[in-house]
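# Structural overview
Listed below, chain by chain, are the residues.
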Amino acid sequence: MADMREEAFVSGWLKRMSLRQKIGQMTMAERLAVTPEDVKAHALGAVLSGGGSHPGGNAPADWVAMNDQFWQAAVADADSPGVPILFGIDAVHGHNNVRGATIFPHNIGLGAAGSPQLAAEIARITAKEMRATGLDWNFAPTLAVVGNSQWGRTYESFGCDPQRVAEFGVSYVRALQDEGVMACVKHWAGDGGTQHGMDQGETTLDWEAFEATHVAPYYPALKAGVMSLMVSFNSWNGDKCHGHRFLVTELLKQRLGFEGIVVSDWDGLKYLDDDYGVAVRQCVNAGLDMLMVPEAWREFMDALEAQVRGGHVRMERIDDAVRRILRAKLRQGLFDAPRPAERSGIGAASFGSPAHRQVAKRAVRASLVLLKNRLGLLPLAPSQRLLVAGKNAHNLGHQCGGWTLSWQGENGNATIEGTTIWEGIHAMAPQAELSADLSGAEADPAKHDAALVVIGEKPYAEGFGDIRPGDEVIQDTGSAVRGLINPLGPYGQSLELARTHPEDLACIRRIAATGVPVVALLISGRPLVVNAELDACAAFVAGWLPGSEGQGVAEVLFGQHGFTGRLPLPWPRSANTSGDGAASGEPLFPTGYALAAALVPPPG
Ligand code: GLC
């Protein structure tokens, strides 16, 4: 509850600010589109780094130097000290934009691990590594409840159960904010429930179902004092969330008493109306407080000023927005904080440290779900002669997935620090052999006791990861241009892995045909239809997007730790390839499933 002292402080600042300065506080620009001088001249409230947008050599020192400049520009002024600035980023599975950071499994893997406590531990480490770079605002956690794994953002969700998502969300928020980083629950509301899993699409539900599924997961985090919330691109029953007065003002602010900042998504206001001024009016009057207008921030400021002077946006609405921004900055301790350069030392020593990577390895181990184990092929023995193949066996970019160093993710091992799945295997089984072209063509029962084939998806983010039959498929999501919010087409045509990546089934069959038994490990952002792959192998593990610590996979495959992960959402049996491509019929494996025998607690 906002107290008298707090409100007096906020009112004191508000009184001293001009309309233009207040509008400046409501404006968030992208780092590439703004200078420290702009921040000073326009009293900008926040700057963000979009996916992959990094300063200099992308080392922590480069980030501290940049944030320091923005900070000094915002506050340092003898006669009229400015309001401290927030710097926001998507650190959604570790501080994933920054080179050398610890990259954790994406949330879908944490959902499989099933431990909100582990998620909190990860949030603490993420906050420490963010503080080491001078950042104080994380656009996380995502509280999406995923209803259709055709959605390209399935992997950003903790799963399909609203109660479980709520538990993960509040744990994550408390941990981030305890470590001095402002959390931002997102995307409000209904992002995971769109028709056909289309990113930014339409969620059609009556209020009871909408609340139970897509609103309720926010309740514990709101009660725990989360200080920011991001509005979703999607619409609910035909009305865009970015202009939804009931969702943002009546429900969130008035009924639920949210005291923090309601922030828009990337140019989210643009979707409301072709007339930019009208769109600004609708968005701000709906109750959004800070607008993420990465490049068009000047246009936004001018448009909002015109709307206020034209009587279309009341001064009370502007003051409510700025009060919330000032209050959040006050609670964040920014008004008393030293420059980023003086406070980044908090996390500098532990940035990407072995201790952090140990936690990431533990998360990888806990996330793996065993779906098949014929002949008791697993656990493997380090003494076995293993052949390792598959496009995702030795590829840090692929095993980390989207939102890693770049928005759409990376390919290969040049930009991310960590261990690939192959390197983890080889460290434990010196006789293991990596297939030269990853095809497994070398398989020979005279030389190999078993094979591990690491299959699955390539990285993607947001709409680029959607699965939609019929649309033109993006050939290389890695070349995506930031800001292309409504992507031209989807990642794939079907939930059937063999249709998008036939090379995986071919690899499994090639090896199995020689008589060498195959363990298949699926690296993907979601469950996929893999009936053919399951039939062709002796054992099958869902690995999700494990992140930088591939070693964790080997520690379970060799039995040092048992399989404990369970499915955080249903596994599809088939997909209707003619219609909308959705999963059809009963799930092959239900939510919560894991091969029973696998769940024997690890020895010792
Ligand atoms: C994106 C995402 C949102 C993210 C924001 C800033 O479009 O929808 O989750 O926080 O832009 O990168």
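Refer to the structure above for everything that follows.
It is worth spelling out the pairing of strand E13 (residues 386–389) at this point. Note on strand geometry: in a regular strand, side chains alternate between the two faces of the sheet. On E13, burial covers both faces: Leu386 and Val388 on one face and Leu387 and Ala389 on the other are all buried. Judged from the 4 bridges that link them, E13 and strand E15 (residues 450–456) form a sheet pairing that is parallel. Counted as the bridge partner of Val388 is Leu452 from E15. In the sheet, E13 pairs with strand E14 (residues 433–434) via 2 bridges, with the strands oriented parallel.

With that out of the way, let us pick up the site of the ligand. The immediate surroundings of the ligand are formed by 15 residues, with Asp90, Arg153, Lys186, His187 and Asp265 found nearest. Side-chain polar atom of Asp90 to an oxygen atom of the ligand: 2.5 Å apart, as the coordinates give it. Between the ligand and Lys186, the relevant distance is 2.9 Å, taken from an oxygen atom to a side-chain nitrogen or oxygen of the residue. Relative to its unbound accessible surface of 310 Å², the ligand loses 100% to contact with the protein. Split into classes, the residues belonging to the shell around the ligand amount to 8 nonpolar, 1 polar and 6 charged. The two domains that each donate at least three residues to the shell around the ligand are domain 1 (4–349) and domain 2 (368–557).

The next subject is the sheet that holds E15. Across the sheet, which stays open at both edges, the 6 strands sit in the order E12-E17-E16-E15-E13-E14 with mixed pairing between neighbours. Each of the sheet's edge strands pairs with one partner strand only, and the pair in question is strand E12 (369–373) and E14.

Time to look at the pattern of salt bridges. Counting across every chain of the model gives 36 salt bridges. Of the charged contacts in the structure, one is a salt bridge between Glu305 and Arg20, with a shortest N-O distance of 2.7 Å. Placement of Glu305 in helix H12 (residues 297–309) and of Arg20 in helix H2 (residues 19–25) is noted, with a sequence separation of 285 residues between them. Between Arg385 and Asp449 there is a salt bridge, with the nearest N and O atoms lying 2.8 Å from each other. Here the residue Arg385 occupies a position in the loop between E12 and E13, and Asp449 occupies one in the loop between E14 and E15, the gap between them amounting to 64 residues.

Per the stated rule, a full pass over the model turns up 18 aromatic pairs. Centre to centre, the rings of Phe233 and Tyr271 are 5.4 Å apart; their planes meet at 65°, and the pair counts as edge-to-face. Taken as a pair, Phe233 in the loop between strand E7 (228–231) and strand E8 (235–236) and Tyr271 in the loop between strand E10 (261–263) and helix H11 (276–286) lie far apart in primary sequence, 38 residues in all. Its relative accessible area of 5% is what places Phe233 among the buried residues. In this structure an aromatic cluster arises from ring pairing among Trp207, Phe210, Trp236 and Phe246.

Trp137, Leu229, Leu304, Ile425, Ile511, Phe540 and Trp571 are the most contacted members of the largest nonpolar core, which totals 195 residues. Of the residues forming this core, the biggest block, 8 residues, is contributed by helix H6 (residues 116–131). Non-local contacts of Trp571, meaning those with residues more than four positions away in its chain, are made with Leu371, Leu522, Pro527, Leu528, Val530, Phe540, Ala542, Trp544, Pro587, Leu588 and Phe589. In terms of nonpolar packing, the next biggest core, distinct from the first, is built from 5 residues, Ile103, Cys400, Leu405 and Ile416 among them.

The next subject is the side chain of Gln25. Mapping Gln25 onto the fold places it in helix H2. Given a relative accessible area of 1%, Gln25 falls into the buried group. When sequence neighbours within four positions are dropped, the list of residues in contact with Gln25 reads Met17, Ala43, Leu44, Gly45, Val83, Met290, Val322, Ile325 and Lys329.

Calculation rules
- Residues numbered from 1 in each chain as written.
- Predicted model: local features only at pLDDT ≥ 70, side-chain atom pairs only at ≥ 80, totals over all residues.
- Heavy atoms only, no water.
- Buried < 20%, exposed > 50% of the residue type's maximum accessible area, 1.4 Å probe, protein only.
- Helix = DSSP H or I, 4+ residues; strand = E, 2+ residues; numbered from the N terminus.
- Pairing = 2+ DSSP bridges.
- Near = heavy atom within 4 Å.
- Polar contact = N/O pair within 3.5 Å; in protein donor to acceptor, adjacent residues only side chain to side chain.
- Areas by Shrake-Rupley, 256 points an atom, 1.4 Å probe, with all protein chains shown as cover.
- Nonpolar A, V, L, I, M, F, W, Y, C, P; charged D, E, K, R; others polar.
- Domains from an automatic or database assignment.
- Salt bridge = Lys/Arg side-chain N within 4 Å of Asp/Glu carboxyl O.
- Phe/Tyr/Trp six-rings, centres within 6.5 Å; stacked < 30°, edge-to-face > 60°.
- Core = buried A, V, L, I, M, F, W, Y, C linked by side-chain atoms within 4.5 Å.
- Contact = heavy atoms within 4.5 Å.

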